[in-house]
Amino acid sequence: QLSKNFYSKSCPKVFDTVKSVVRSAISKERRLGASLLRLHFHDCFVKGCDGSILLDDTSSSRGEKTAGPNNNSVRGFEVIDAIKSKVEAACPGVVSCADILTIAARDSVVILGGPFWDVKLGRRDSKTASLSAANSGVIPSPSSTLSSLISTFQAQGLSAKDMVALSGAHTLGKARCISFRDSIYNDSNIDSSFAKAKQRNCPRITGLGDNNLAVLDFKTPEKFDNNYYKNLINKKGLLHSDQVLFNGGSTDSLVRRYSQNDKTFDSDFVAAMIKMGDINPLTGSKGQIRKNCRRAN
Ligand code: HEM
Ligand SMILES: [Ca+2]
Ligand SMILES: [Ca+2]
């Protein structure tokens, strides 16, 4: 039901408007591109791509922002607010927050050197968020095994190949010590000098330096490219869930292929992003077009 030309009559300026705000945000802080891409992922995996992650807590219900996988971790909400207010000024009541997330994620990839694709649009916004759904395990954890990664994505209608391609998003951005401590101290399939270097800014003791950051792709953390896969081949994946993709299992061959062929990675990443953006959208008369992405109308 989603379509590429959904706003061509009702808000033709939406693409330029989103792009200009994303561009200026990224020019102030490159990491924001990574953060916006991740927001779209964490939206789509909880109740579908319905903007639910953007809702603030209310007096009667807690939203998804403080769920385990999101708390003190997801970011970029101010950028979405800035986009929304510009888009509302141009076309009031027309463009959903869920679609803004989709476009902003795509633009982030492009601005940081990745492939362009036409996004499908026409999602509407949910009226509620779900803390319990966000905490239910639908968002994969960094300690996941390969088979659990495959099944979490399968549960969303995404294949193992989609999962491996989408994990390539970790070519950008940062993770907290709490997310990779286990892997750098306890994993065996990790380059020892790489692990040692990471240990310097991530103490072994739980509670010490939990929020210290490290880049997910130590080679080009601010450029969208296939170095993530090259790192995995060299046993320099930061998260346990990264390195399991190249650990003697069924996904080794894909990691090898993406590490050798940037174009194949780009096209599989794009195909998987479009599939992810198709997860359970609200369309027709379902949901609403929020005026403010942080609350239902
Ligand atoms: C395959 C399963 C995945 C797992 C287990 C996973 C886990 C994580 C973790 C633990 C972090 C660091 C969070 C923190 O410490 O604060 C992270 C960051 C990130 N993830 Fe994933 N992720 C997965 C898939 C994806 C997908 C599908 C995307 C997007 C398409 C994505 C995009 C990102 C980005 C861009 C960052 C950096 C964000 C920033 O710097 O603000 N991840 N991920
Ligand atoms: Ca959602
Ligand atoms: Ca990179």
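Just above sits the structure.
Here is a short report on the structure shown in this document. Every chain is numbered on its own, with residues counted from 1 as its sequence reads. Chain letters and ligand numbers both follow the written order, the letters beginning at A and the numbers at 1. At least 70 in pLDDT is required for a residue's local features to be given in this predicted model, at least 80 for side-chain atom pairs to be given and counted, and no such filter applies to totals for whole chains, interfaces and linings, which use all residues. Working from all heavy atoms in the structure, the side-chain values ignore hydrogens and water.

**Some remarks on the overall build of the chain**
- Of regular secondary structure, the chain possesses 13 helices and two strands.
- For the chain, whose C-alpha radius of gyration is 19 Å, the value lies close to the compact-globule estimate of 19 Å for 297 residues.
- Projected onto the principal axes, the alpha-carbon positions of the chain cover approximately 55 × 45 × 35 Å.
- Here the chain holds 297 residues, and 53% of them are scored as buried.
- A sequence separation of at least 24 residues applies to 75% of the contacts in the chain between residues at least 6 apart.
- When the accessible surface of the chain is totalled, it reaches about 12,900 Å², and 50% of it is carbon and sulfur.
- Charge convention: Lys and Arg are scored as positive, Asp and Glu as negative, and His as well as the terminal groups of each chain are ignored. Just so you know, the charge point we use is NZ for Lys, CZ for Arg, CG for Asp and CD for Glu. Across the chain, the mean location of the 42 positive side-chain charges is 2 Å away from that of the 28 negative side-chain charges. In DSSP terms, a helix is any run of H or I states spanning at least four residues, a strand is any run of E spanning at least two, and both are numbered starting from the N terminus. Here the radius of gyration uses the C-alpha set of atoms, whereas the globule reference equals 2.2 Å times the residue count to the power 0.38. The cut-offs for exposure are 20% and 50% of the maximum accessible area for each residue type, with area from a 1.4 Å probe on protein chains only; residues under the lower value are buried, those over the upper are exposed, and the others partly exposed. Any two residues whose heavy atoms approach within 4.5 Å at even a single point are treated as in contact. All accessible areas in this document rest on Shrake-Rupley with a 1.4 Å probe, and a residue is counted as covered only by the protein chains that are shown.

**Observations regarding the coordination of the calcium ion (ligand 3)**
- Only nitrogen, oxygen and sulfur atoms count as donors, using a 2.8 Å cut-off from the metal that widens to 3.2 Å for Na, K and Ca. Water is left out, so coordination shells may look unfilled. For the calcium ion (ligand 3), the full set of protein donor atoms is Thr171 (O), Thr171 (OG1), Asp217 (OD), Thr220 (O), Thr220 (OG1), Lys223 (O) and Asp225 (OD), at a range of 2.3 to 2.6 Å.
- For the calcium ion (ligand 3), the donor residues sit on a single chain with the sequence spacing T-x45-D-x2-T-x2-K-x1-D. Taken together, the residues Thr171 in the loop between α7 (160-167) and β1 (174-176) and Asp217 in the loop between β2 (213-215) and α10 (227-233) connect sequence positions 46 residues apart. With respect to class, Thr171 is no different from Asp217; both count as buried.

**A word on helix α8 (residues 177-186)**
- For α8, every residue scored as buried is listed here: Cys177, Phe180, Arg181, Ser183, Ile184 and Tyr185.
- If you follow the buried residues of α8, they end up packed against β1, α9 (192-199), β2 and α11 (240-243).

**Some remarks on the side chain of Asp252**
- Structurally, the position occupied by Asp252 is in helix α12 (residues 252-260).
- Here, a salt bridge means any side-chain nitrogen of Lys or Arg that lies within 4 Å of a carboxyl oxygen of Asp or Glu. No salt bridge forms around the buried Asp252; measuring N to O, its nearest opposite-charge neighbour Arg256 is 4.9 Å away.
- The residues touching Asp252, leaving out its near neighbours within four places in the chain, are Leu245, Phe246 and Asn247.

**As for the site of ligand 1**
- Arg31, Ser35, Ser73, His170 and Ser179 are the nearest of the 26 residues found near ligand 1.
- Two N or O atoms form a polar contact when they lie within 3.5 Å of each other; inside protein one atom must be a possible hydrogen donor and the other a possible acceptor, and for residues adjacent in sequence the pair counts only when both atoms belong to side chains. One of the side-chain nitrogen or oxygen atoms of Arg31 is found 2.7 Å away from an oxygen atom of ligand 1.
- Here a nitrogen atom of ligand 1 sits 2.9 Å away from a polar atom, N or O, in the side chain of His170.
- Contributing elements (two or more residues each) for the shell around ligand 1: α2 (31-44), α6 (146-154), α7 and β1.
- Among the elements that line the shell around ligand 1, the one with the most residues is α2, at five residues.
- For the shell around ligand 1, a count of residues per class yields 13 nonpolar, eight polar and five charged. By convention in this text, a residue qualifies as near a molecule or strand provided that one of its non-hydrogen atoms is within 4 Å of it. Three classes are used, and their members are as follows: Ala, Val, Leu, Ile, Met, Phe, Trp, Tyr, Cys and Pro are nonpolar, Asp, Glu, Lys and Arg are charged, and the others, Gly among them, are polar.

**Overview of the nonpolar core**
- Buried Ala, Val, Leu, Ile, Met, Phe, Trp, Tyr and Cys residues that are joined via side-chain atoms within 4.5 Å together make up what is termed a nonpolar core. Core analysis: the largest hydrophobic core is formed by 72 residues, its most contacted members being Leu39, Leu54, Ile80, Ile83, Leu245, Phe269 and Met276.
- Apart from residues lying up to four places away in sequence, Ile83 is in contact with Val18, Val21, Val22, Ile100 and Ala104.
- By size, the runner-up hydrophobic cluster in this structure holds 13 residues, among which are Ala175, Cys177, Leu238 and Leu239.

**Remarks on the packing of α6 against α7**
- Every axis in this analysis is a line fitted to C-alpha atoms, fitted for helices over the stretch in contact. Angles between the N-to-C directions lie between 0 and 180 degrees. Across the interface, α6 lies against α7 with an axial gap of 9 Å and an inter-helix angle of 105°. Relative to α7, the element α6 lies roughly perpendicular. Here α6 contributes Leu146, Leu149, Ile150 and Phe153 to the contact with α7, which in turn contributes Ala160, Met163 and Leu166.
- Considering only residue class, the contact of α6 with α7 consists of seven nonpolar, no polar and no charged. By the definition adopted for this analysis, an angle is roughly parallel if under 35 degrees, roughly antiparallel if over 145, roughly perpendicular if from 65 to 115, and oblique otherwise.

**Focus on the state of the cysteines**
- Note that a disulfide, as used here, is simply two cysteine sulfur atoms within 2.5 Å. Evaluation of the coordinates by the stated rule reveals four disulfides.
- Paired by a disulfide, Cys11 and Cys91 hold their sulfur atoms 1.9 Å apart. Measuring handedness by torsion sign, the sulfur bridge of Cys11 and Cys91 sits at about 65° and is right-handed. Here the residue Cys11 occupies a position in the segment before α1 (14-28), and Cys91 occupies one in the loop between α3 (77-90) and α4 (97-111), the gap between them amounting to 80 residues.
- Cys11 sits in the buried class, given a relative accessible area of 1%.
- In this structure Cys91 comes out as buried when scored by relative accessible area, which is 7%.
- Covalently, Cys177 is tied to Cys202 through a disulfide, its sulfur atoms 1.9 Å apart. Measuring handedness by torsion sign, the sulfur bridge of Cys177 and Cys202 sits at about 75° and is right-handed. Taken together, the residues span a long stretch of sequence, with Cys177 in helix α8 and Cys202 in the loop between α9 and β2 at a distance of 25 residues.

**Examining the environment of Thr171**
- Note on Thr171: relative accessible area 0%, which makes it buried.
- Sequence separation of Thr171 and Val215 is 44 residues, and the distance between their C-alpha atoms is 8.9 Å.
- Not counting the four nearest positions on each side in its chain, Thr171 is found in contact with Asp217, Thr220, Pro221, Lys223, Phe224, Asp225 and Tyr228.
- Side chain to side chain, Thr171 and Asp225 meet in a polar contact 2.8 Å long.

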